[in-house]
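Here are the chains, one letter per residue:
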Amino acid sequence: MSRSKRKWDHIQYALETGQKRLTGFDDIKFVNQSLPGSNLDSVKIETKIGELSLSSPIFINAMTGGGGERTYRINRELAVAARETGSAIAVGSQMAALKDPDERRSYEVVREMHPDGIILANLGSEATVGQAKAAIDMLQADALQIHLNVVQELTMPEGDRNFEGALTRISEIQQSVGIPVIVKEVGFGISAETAAGLYSSGIRYVDVGGFGGTNFAEIENKRRNRLLTFFEDWGIPTAASIIETKSTSPELSVIASGGIQTSLDIVKALALGANGAAMAGYLLKTLMENGREDLIKEIHLLKEEITVIMTALGVHTIEELKNVPLVISGETHHWLEQRGIDTKAFARRKKN
């Protein structure tokens, strides 16, 4: 099967399988503030992810590219939506364009449509320094995502089977490219151990890509004869992964992703320690079913709702969100307790 056909299959299966709300965010409850002392007009949703300054915590995460005309059109529409909402945007893996120059336009259209925006290039952990620099140059990218997708590759019939040396390659890229390098999972969650290993290698940006959103093991199983169904329930739910990752070092900038669908999901992710929230599957579904204008409207509404929730919590900035009290229950509490993380500390936080 051609790489282009596989890319389009991934889009189709992602829309077909959907998202099952297994992120753990339903286990997170805010403590009500009856005297919030806040003012909606004073709420600011700008955020910083390390060196990157964003007008809101929402950005459009990596989805596609390299699948011919159809993925060109998707990336063009996503880029216009990013431009009109002032959002950062990441492209899907650019390895297809590095191997086939005809596929470059399906990525380059993002910079063409969003000339002044924050754009993230994307490659897998098999990439070399030279390939990383070429991917960045292709988009005049502001940052580079390096995705980790071991479980997807193992489930993919034609996927990689050798993952040796990945951390060394990531470290070499980080030291060579001169822009932020964000290491991201693709739906199976970053653990505290993985985050610590990345941090010790110089990485300061992690996108948790938690379990509970688009399930790439399920997608790849649709392309197999003998199914590896045990991988379909494999991973760290997004809420737990944010806390695990952030617990390794306060210097890590954490991006929440993996099944984020609502403004409340976003605010919960930020309150758990994330600096931003990346959305993919939900935005893709909105685009494909309702079109670009509805996608733009939806992103604007999400921003408005974030300010409403922050007002109810009595905070005016994203940084203040990280001190609001919240209660963690259910499977997320059980997971974190078993992993040695004190959930009571979240419930006893005090607003500054």
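Residues numbered from 1 in each chain as written. Predicted model: local features only at pLDDT ≥ 70, side-chain atom pairs only at ≥ 80, totals over all residues. Heavy atoms only, no water.

Quick look at the overall build of the chain now. Secondary structure summary: the chain contains 16 helices and 12 strands in total. Rg of the C-alpha trace for the chain: 19 Å, near the compact-globule value of 20 Å for 352 residues, within the 12% margin. A principal-axis box enclosing the C-alpha atoms of the chain has dimensions of 60 × 40 × 40 Å. Relative to its 352 residues, the chain shows a buried fraction of 57%. (Helix = DSSP H or I, 4+ residues; strand = E, 2+ residues; numbered from the N terminus. Rg over C-alpha atoms; globule rule 2.2 N^0.38 Å. Buried < 20%, exposed > 50% of the residue type's maximum accessible area, 1.4 Å probe, protein only.)

The next point concerns the environment of Val315. Within the element layout of this structure, Val315 appears in the loop between helix H13 (292-313) and helix H14 (318-321). With relative accessibility at 1%, the residue Val315 sits in the buried group. Each C-alpha atom of the pair Val315 and Ser201 lies 35 Å from the other, and the pair is 114 residues apart in sequence. Not counting the four nearest positions on each side in its chain, Val315 is found in contact with Ser38, Val43, Met310, Glu320, Leu321, Val324 and Lys351. (Contact = heavy atoms within 4.5 Å.)

Along the chain, Ser257 turns up in the loop between strand S10 (253-256) and helix H11 (263-271). A distance of 2.4 Å separates the side chain of Ser257 from the side chain of Asp207, its partner in a polar contact. Setting aside residues no more than four positions away along its own chain, Ser257 makes contact with Asn61, Asp207, Val208, Gly209, Gly210, Thr238 and Ala278. (Polar contact = N/O pair within 3.5 Å; in protein donor to acceptor, adjacent residues only side chain to side chain.)

Attention shifts here to the packing of aromatic side chains. What the rule picks out here adds up to two aromatic pairs. Ring centres of Phe230 and Phe231 lie 4.9 Å apart, and the angle between their planes is 65 degrees; this geometry places the pair in the edge-to-face category. For the pair Phe231 and Trp234, a centre-to-centre distance of 5.0 Å together with 80 degrees between the ring planes defines the contact as edge-to-face. The rings of Phe230, Phe231 and Trp234 are connected pair by pair, giving a single aromatic cluster. The lysine or arginine in question, Arg105, covers the ring of Tyr72, its NZ or CZ lying 3.9 Å from the ring centre. For Arg204, the ring lying beneath its charged end belongs to Tyr199, and the centroid distance is 3.7 Å. (Phe/Tyr/Trp six-rings, centres within 6.5 Å; stacked < 30°, edge-to-face > 60°. Lys NZ or Arg CZ within 6 Å of the ring centre and 35° of its normal.)

Applying the stated criterion across every chain, the model contains 16 salt bridges. The closest approach of N and O atoms between Asp265 and Arg21, which form a salt bridge, is 2.6 Å. You can see Asp265 sitting in helix H11 and its partner Arg21 sitting in the loop between helix H1 (3-17) and strand S1 (28-30), a full 244 residues away along the chain. On the basis of relative accessibility, which here comes to 27%, the residue Arg21 falls in the partly exposed class. (Salt bridge = Lys/Arg side-chain N within 4 Å of Asp/Glu carboxyl O.)

Okay, the UniProt feature "domain: FMN-dependent dehydrogenase" (unreviewed entry) in the chain next. As recorded in UniProt, the feature "domain: FMN-dependent dehydrogenase" (unreviewed entry) lies at residues 167-323. In residues 167-323, the share of helix is 52% and the share of strand is 10%. The end C-alpha atoms are 33 Å apart. (UniProt positions renumbered as here; feature names shortened; annotations may be inferred.)

Bringing the nonpolar core into the picture now. By size, the foremost hydrophobic cluster in this structure holds 84 residues, and its most contacted members are Ile242, Leu272 and Leu321. If one sorts the elements of this core by residue count, H13 sits on top with eight residues. With near-sequence residues (within four places) excluded, Leu321 lies in contact with Val267, Leu270, Ala271, Met310, Leu313, Val315 and Arg349. Membership of the second largest hydrophobic core comes to 13 residues, among which are Ile49, Ala62, Leu120 and Ile255. (Core = buried A, V, L, I, M, F, W, Y, C linked by side-chain atoms within 4.5 Å.)

Bringing the pairing of strand S11 (residues 276-279) into the picture now. By the alternation rule, side chains of S11 split into Gly276 and Ala278 and Ala277 and Met279, which are all buried. Where strand S4 (residues 58-60) and S11 come together, three bridges link them in parallel fashion. Each bridged residue has a counterpart across the sheet, and for Phe59 the counterpart in S11 is Ala278. Here S10 runs beside S11; their pairing, made up of two bridges, is parallel. Bridging from a neighbouring strand, Ile255 pairs with Gly276 of S11. (Pairing = 2+ DSSP bridges.)

Relative to the helices and strands, Asp207 resides in strand S9 (residues 205-207). Within the structure, the side chain of Asp207 is placed 3.2 Å from the backbone nitrogen of Gly209, a separation counted as a polar contact. If we skip the residues at most four places from it in the chain, Asp207 touches Asn61, Gln145, Ile182, Val183, Lys184, Glu185, Ile190, Ile255, Ala256, Ser257 and Ala278.

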